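Chain by chain, the residues:
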Number of protein chains: 2
Amino acid sequence: MSEHTVKAFGEELNHLAAEVARMGGLAEAQVADAIDTVTRRDVQLAQSVIERDAKLDVLEVEIERMAIKMIALRQPFAQDLRRTVSAMKIAGNLERCGDLAKNIAKRGVVLSDSEPITPLTRSIERMGQLVASRLKEVLDAYSAGEVIRADAVWARDDEVDEHYNSIFRELLTYMMGDPRTIQACAHLLFIAKNLERIGDHATNIAEIVHYEITGEDMPTDRPKGNTLRPFDEGDLA
Amino acid sequence: MSEHTVKAFGEELNHLAAEVARMGGLAEAQVADAIDTVTRRDVQLAQSVIERDAKLDVLEVEIERMAIKMIALRQPFAQDLRRTVSAMKIAGNLERCGDLAKNIAKRGVVLSDSEPITPLTRSIERMGQLVASRLKEVLDAYSAGEVIRADAVWARDDEVDEHYNSIFRELLTYMMGDPRTIQACAHLLFIAKNLERIGDHATNIAEIVHYEITGEDMPTDRPKGNTLRPFDEGDLA
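A short note on the pattern of salt bridges
All names here are of chain B.
Step number 1: Inspection of the entire model under this criterion finds 27 salt bridges over all chains.
Step number 2: With its nearest N and O atoms 3.6 Å apart, the salt bridge here joins Lys102 to Asp53. In this pair, Lys102 sits in helix α3 (residues 78-111) while Asp53 sits in helix α2 (residues 43-74), placing the two residues 49 residues apart along the sequence.
Step number 3: For Lys102, a relative accessible area of 17% gives the class buried.
Step number 4: Take Asp53: its relative accessible area is 2%, and that puts it in the buried class.

In structure tokens form, the structure reads like this:
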């Protein structure tokens, strides 16, 4: 490859990574706004979360096409290839975070019609903050190319599960205590599940960043196991 | 490209498609067995579903690496490129179907410890059969390269949502009527949701097959809409 080609490919890679970072910023905002939709019962905000999701879909398609074209025309190998493929895979994970945020916003609209259940909303808010911070942290690790930070996000995978467990139990107790809240609690249950899945995408992204930088898979299975007789909901995640 | 290279690439493409078909067969079996786990309360079957999931993970990684290598070394374009990328994307969807089947099996284990709720299990079984048949149909369309069959799967996307709606309502009614069933019903709710998501992956695969064969995206949005005030659970999918 000539020096000119090498330079042009480096620029293309930087552009690709910048697009992923931009998509990451949007996904973060969608997740944060979706949580606010629920905690503030803000139907207008929900509407804008739902509408803005299309942008993430478009960006994912663009990033994928750009990456495939780069692989076909530039035939990158080693870290260049890993960077190109990573961009495409991270975009896929971010698109799904967007879908989950949209779903949370839709449920926020439904919930705004029923009585607020303040303690539960607080728990959702705390879990939401944790998940949003994991997403932010792993995207920072990606942009900075810092494997230690990505590994740290990966290692704390179980914190989200613990929150989810505790909300699951809280919700069940609430439903049993007051069956009139069952419908609202079912929506909150799915909102908690969606947050747990966004946390899981953050873990996926951490694995992708680790592979991109080191060329190696994570050494062990996720902190989360494959228990056959799960003691609690987190084992089912 | 020499005739020899063309032939070799054609063979590679066939091999790639065959690997995806093999993965599809495994995913179908996992989904069917996961449903049986719940309907027959079969803990041993659940255990084998949980263990076999690793095979799908391995196949996904292999298919992705094979596809990326083909794109880099062969620089395919037009339909050849679409076939290569499609294989990779279908494998991604199948891997997630496998995760969802594994999660259903895990919940099947938990449910086997509580009283059976026969009418609900029947509804889950019917929804499971519908979803499994959609997955089978779209994989057949992929193997046969028949766009009409893929389009037909895509067009019936809302059937699964209708089933899911009806199960959602049934479950809520059951929980309100007998709060002691709340925990079991929460697991059934997630099982129904997982089935709905497997149905959604079948729709994704239909879109991928359509694009692979025609080079065009589906002409319109999915039958499922973006209602701001959803009337029922299906609108939230």
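Details of the interface of chain A and chain B
Step number 1: Contacts between the two partners involve 47 residues from chain A and, on the opposite side, 47 residues from chain B.
Step number 2: Between chain A and chain B, roughly 4100 Å² of surface is buried when both sides are summed, and carbon and sulfur atoms account for 62% of that area.
Step number 3: In this structure, A:Lys89 and B:Glu64 form a salt bridge, with 3.0 Å as the shortest nitrogen-oxygen distance.
Step number 4: Inspection of the region where chain A meets chain B yields two residue pairs in polar contact (both at pLDDT 80 or more).
Step number 5: Elements that contribute at least two residues to the side of chain A that touches chain B include exactly α2 (43-74), α3 (78-111), α6 (157-177) and α7 (182-214) of chain A.
Step number 6: When residues in the side of chain A that touches chain B are grouped by element, the largest group, 11 residues, is from α3(A).
Step number 7: Taken together, the residues of the side of chain A that touches chain B break down into 25 nonpolar, eight polar and 14 charged.

Comments concerning the side chain of B:His210
Step number 1: Here B:His210 is to be found in helix α7 (residues 182-214).
Step number 2: Setting aside residues up to four positions removed in sequence, B:His210 forms contacts with B:Val147, B:Asp151, B:Gly215, B:Glu216, B:Asp217 and B:Met218.

Remarks on α7(B)
Residues three or four positions apart in an α-helix share a direction because the helix packs 3.6 residues into each turn.
Residue and element names in this part refer to chain B.
Step number 1: In a regular helix each residue adds 1.5 Å, so 33 residues correspond to 48 Å; α7 covers 48 Å between its end C-alpha atoms and thus fits that length.
Step number 2: The buried fraction of α7 is high, at 26 of 33 residues.
Step number 3: One or two steps after α7, the chain reaches Gly215, where phi turns positive at roughly 80 degrees.

Some thoughts on the relation of the copies chain A and chain B
Step number 1: Superposition of chain A onto chain B requires a rotation of 180 degrees combined with a translation of 0.0 Å along the rotation axis, giving an RMSD of 0.0 Å. Considering both components of the superposition, the chain copies are consistent with a two-fold axis. When C-alpha positions in chain A are compared against the rotation axis, the closest is assigned to A:Ala72, at 2.5 Å.
Step number 2: When you check the interface residues of chain A against chain B, 100% turn up at the interface there too, and the contact is symmetric in its surfaces.

So, unusual backbone geometry
Residue and element names in this part refer to chain A.
Step number 1: The phi angle at Arg41 is positive, at roughly 50 degrees, despite the residue not being glycine.
Step number 2: Within the secondary structure layout, Arg41 lies in the loop between α1 (3-40) and α2.
Step number 3: The exposure class assigned to Arg41 is partly exposed, which follows from its relative accessible area of 31%.
Step number 4: Its identity is not glycine, yet Ala78 carries a phi of approximately 45 degrees, on the positive side.

Calculation criteria
- Residues numbered from 1 in each chain as written.
- Chains lettered and ligands numbered in written order.
- Predicted model: local features only at pLDDT ≥ 70, side-chain atom pairs only at ≥ 80, totals over all residues.
- Heavy atoms only, no water.
- Salt bridge = Lys/Arg side-chain N within 4 Å of Asp/Glu carboxyl O.
- Helix = DSSP H or I, 4+ residues; strand = E, 2+ residues; numbered from the N terminus.
- Buried < 20%, exposed > 50% of the residue type's maximum accessible area, 1.4 Å probe, protein only.
- Contact = heavy atoms within 4.5 Å.
- Buried area = accessible area lost by both parts, 1.4 Å probe.
- Polar contact = N/O pair within 3.5 Å; in protein donor to acceptor, adjacent residues only side chain to side chain.
- Nonpolar A, V, L, I, M, F, W, Y, C, P; charged D, E, K, R; others polar.
- Expected span 1.5 Å × (residues − 1).
- Least-squares fit on C-alpha atoms with pLDDT ≥ 70 in both.

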